[in-house]
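For reference, the chains in residue letters:
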Amino acid sequence: MANIKFVKENKEAIAADGANLRLKAIANDVDIYTFMSKMMNCGGYGQCGTCIVEISEGLENVSPRTDVENRRLKKKPDNYRLACQTLVNGPISVITKPK
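The structure presented is a predicted model; accordingly, all values stated were derived computationally and were not measured.

*Asks:* Break down the overall build of the chain for me, with residues and values.
*Replies:* Along its length, the chain carries 2 helices and 7 strands. Listed by position from the N terminus, the elements making up the chain come as β-β-β-α-β-α-β-β-β. Projected onto its principal axes, the C-alpha coordinates of the chain cover approximately 30 × 25 × 20 Å. Every one of the 99 residues in the chain was classed for burial, and the buried ones make up 44%. Long-range contacts, defined here as pairs at least 24 residues apart, represent 60% of the contacts in the chain between residues at least 6 apart.

Shown next, in the form of structure tokens:
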């Protein structure tokens, strides 16, 4: 089991190992999308790149970046991830909508 702390929202969620970060955020009423992205996102397939989050703690407890993430996030720090492509395997802290 893993604890996911959503820093800005001051919320915590419990997830089974291998849980998808985007789905856990949605299930816990954590908004990961900016204004326009709420209406125009790909639904979790990694094609739009709008569910960017920052893993502020526990980067070692998430799955490695996928090829999709490597293409979409090549100019972003290593701890920036697409929530839809990230699997959680231990405790992490997440900053939604990083600048």
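*Asks:* Lay out the pairing of strand β4 (residues 52-57) in plain terms, naming residues and giving numbers.
*Replies:* Across a regular strand the side chains alternate sides, sitting on one face of the sheet and then on the other. Pairing of β4 with strand β5 (residues 80-82) involves 3 bridges; the strand directions are antiparallel. Opposite Glu-54, over in β5, you have Tyr-80 as the bridge partner. By the bridge criterion, 4 bridges tie β4 to strand β7 (residues 92-96) in an arrangement that is antiparallel. Residue Ile-55 lies in a different strand from β7, and its bridge partner there is Val-94.

Quick notes on the rules
- Residues numbered from 1 in each chain as written.
- Predicted model: local features only at pLDDT ≥ 70, side-chain atom pairs only at ≥ 80, totals over all residues.
- Heavy atoms only, no water.
- Helix = DSSP H or I, 4+ residues; strand = E, 2+ residues; numbered from the N terminus.
- Buried < 20%, exposed > 50% of the residue type's maximum accessible area, 1.4 Å probe, protein only.
- Contact = heavy atoms within 4.5 Å.
- Pairing = 2+ DSSP bridges.

By themselves, these observations are geometric and do not establish any function.
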